[in-house]
Amino acid sequence: MTARIGVVTFPGSLDDRDTQRAIRLAGAEPVALWHKDKNLHQVDAVVLCGGFSYGDYLRAGAIARFSPVMEPLLEQAKAGLPVLGICNGFQILTEAHLLPGAMLGNDHLHFICRDQKLRVENADTAWTSDYTAGQEIHIPLKNMDGRYVADEYTLDKLEAEGRVAFRYVDFNPNGSLRDIAGITNEAGNVVGLMPHPEHAVEPLIGTGRTDGLPFFTSILKKLVNA
């Protein structure tokens with residue numbers, strides 16, 4: 001049976017179609033989910049894609065956190081459903097308290113769009129198992145509110161528990177504390193990151209690499225072998 005991975009579209013989402021294509025290239029079936037859906041239509045995993053949900057009014061991800069689709073997502077994520085939050089999706093996950101910390105405006109106060117080198121710190125999550133720890137990859141980055149922050153206790157806890165999933169290498173593009181580009185929850189089923197792996201799945205687009213495809217092949221293998 002083909003794994004079904006839902007992609008949630010909020011008002012202002014930009015990368016839902018790109019994410020669906022990445023899922024399809026990995027060999028799974030993308031399922032379009034609307035922000036007003038009150039159930040997840042029996043998908044096996046969910047991606048919260050990038051964009052500017054609700055125009056980032058109030059605060060990035062703050063309004064989307066209260067969309068109807070988030071109620072079943074919160075319940076099922078806490079029960080083990082794999083969830084990936086990319087850029088705005090990462091912001092939503094922190095606002096929903098599925099991941100700790102918060103995302104603030106870039107320290108230079110400008111929107112940034114560039115190819116970004118990352119180091120894989122945790123290759124044991126549902127979304128990163130096709131990488132190896134310490135591997136360096138190139139993933140496109142585009143954000144205005146990409147600065148990851150948390151108190152020192154939380155940062156130390158993330159480090160001690162191996163929950164920093166990705167770290168910026170060579171250049172910190174937004175002032176994220178400890179160069180953190182992505183984190184995971186304790187169970188490893190929920191991952192959030194600021195760069196966009198869905199834009200690095202084909203050699204003709206993005207970085208010219210396919211460094212982002214393992215996000216989607218990782219979850220496919222986990223679901224098939226579950």
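Here goes a summary of the coordinates provided.

The rules behind these values
The residue numbers shown here count from 1 along each chain, following its written sequence. Where local features are concerned, this predicted model is filtered to residues with pLDDT of at least 70; where side-chain atom pairs are given and counted, the filter is 80 or more; whole-chain, interface and lining totals use all residues. Where side-chain values are given, they derive from all heavy atoms of the structure, hydrogens and water being excluded. Strand pairing is assigned whenever DSSP detects at least two bridges linking the two strands. Each helix is a run of DSSP H or I of at least 4 residues and each strand a run of E of at least 2, with the numbering of both proceeding from the N terminus. Only the stretch in contact is used when fitting a helix axis, every axis being a line fitted to C-alpha atoms; angles between N-to-C directions are given from 0 to 180 degrees. A pair is scored as a salt bridge if a Lys or Arg side-chain nitrogen falls within 4 Å of a carboxyl oxygen belonging to Asp or Glu. Buried residues are those whose accessible area, probed at 1.4 Å on protein chains only, stays under 20% of the maximum for their type, while exposed residues exceed 50% and partly exposed ones sit between those limits. We call two residues in contact when some of their heavy atoms are within 4.5 Å. Whether two aromatic rings pair depends on their centres lying within 6.5 Å, for rings of Phe, Tyr and Trp, where Trp uses its six-membered ring; planes under 30 degrees apart make the pair stacked, over 60 edge-to-face, and the rest tilted. A ring is scored as having a charge over it whenever the NZ atom of a lysine or the CZ atom of an arginine sits within 6 Å of its centre and within 35 degrees of its normal. Each C-beta atom gives one direction from the helix axis, and the arc is the one those directions make. For this analysis, a polar contact is any N or O atom pair within 3.5 Å, provided that within protein one partner can donate a hydrogen and the other can accept it, and provided that sequence-adjacent residues contribute only side-chain to side-chain pairs.

1. Remarks on the sheet that holds strand 3 (residues 45-48)
Then step 1. What the 9 strands build is an open sheet, ordered 2-1-3-4-11-10-9-6-7; its pairing is mixed. Edge positions in the sheet fall to strand 2 (29-34) and strand 7 (136-143), since each has one partner strand and no second. Going across the sheet, the axis of each strand differs from the next one's by a mean of 25 degrees, ignoring polarity.
Then step 2. Judged from the 3 bridges that link them, strand 10 (residues 180-184) and strand 11 (residues 190-193) form a sheet pairing that is antiparallel. Residue pairing across strands places Thr 184 opposite Val 191, the latter belonging to strand 11.

2. Notes on the pattern of salt bridges
Then step 1. Using the criterion set out here, one finds 18 salt bridges in the structure.
Then step 2. Glu 202 is the partner of Arg 21 in a salt bridge, and the nearest nitrogen-oxygen pair spans 2.8 Å. Taken together, the residues Arg 21 in helix 1 (residues 16-26) and Glu 202 in the loop between strand 11 and helix 5 (213-225) connect sequence positions 181 residues apart.
Then step 3. The class of Arg 21 is partly exposed, set by a relative accessible area of 41%.
Then step 4. Put simply, Glu 121 and Arg 167 hold a salt bridge, and the shortest N to O gap is 2.7 Å. Residue Glu 121 is located in the loop between strand 6 (112-120) and strand 7, and its partner Arg 167 is located in strand 9 (residues 164-168); the two are separated by 46 residues in the primary sequence.
Then step 5. A single salt-bridge network, built from bridges that share partners, covers Arg 119, Glu 121, Glu 152, Asp 156, Glu 159, Arg 167 and Arg 178.

3. What to know about the environment of Leu 48
Then step 1. Position of Leu 48 among the secondary structure elements: in strand 3.
Then step 2. Between the C-alpha atom of Leu 48 and that of Arg 24, which follows or precedes it by 24 residues, the distance is 16 Å.
Then step 3. Apart from the residues within four sequence positions on either side, Leu 48 is in contact with Val 8, Phe 10, Leu 73, Leu 84, Gly 85, Ile 86, Gly 89, Ile 92 and Leu 93.

4. Some details on the packing of aromatic side chains
Then step 1. Taken as a whole, this structure holds 4 aromatic pairs when the rule is applied.
Then step 2. With 5.5 Å between their ring centres and 75 degrees between their planes, Tyr 131 and Phe 215 make a pair best called edge-to-face. Pair noted here: Tyr 131 is in the loop between strand 6 and strand 7 and Phe 215 is in helix 5, with a separation of 84 residues, a long-range link.
Then step 3. Judged by relative accessible area, Phe 215 falls into the buried class, the value being 0%.
Then step 4. Three or more aromatic residues link up through ring pairs in this structure, and these residues are Tyr 131, Phe 166 and Phe 215.
Then step 5. A cation sits over an aromatic face here: Arg 65 above Phe 66, 4.7 Å from the ring centre.

5. Here's the deal with helix 4 (residues 152-160)
Then step 1. Inspection of helix 4 places Thr 154, Leu 155 and Leu 158 among the buried residues, and these make up the whole buried set. Seen along its axis, helix 4 keeps its buried residues to an arc of 100 degrees; they face one direction. Residues Glu 152, Tyr 153 and Ala 160 are exposed on helix 4 and point more than 90 degrees away from its buried face.
Then step 2. Against strand 8 (147-149), strand 9 and strand 10 lie the buried residues of helix 4.
Then step 3. One side-chain oxygen of the residue at the start of helix 4 lies 3.1 Å from the amide nitrogen of Tyr 153, identifying that residue as Asp 151.
Then step 4. Two residues or fewer past helix 4, Gly 162 is found with a positive phi of approximately 65 degrees.

6. Some remarks on unusual backbone geometry
Then step 1. Residue Tyr 54 is not a glycine yet carries a positive backbone phi of 55 degrees.
Then step 2. Position of Tyr 54 relative to the elements: it lies in the loop between strand 3 and helix 2 (70-78).

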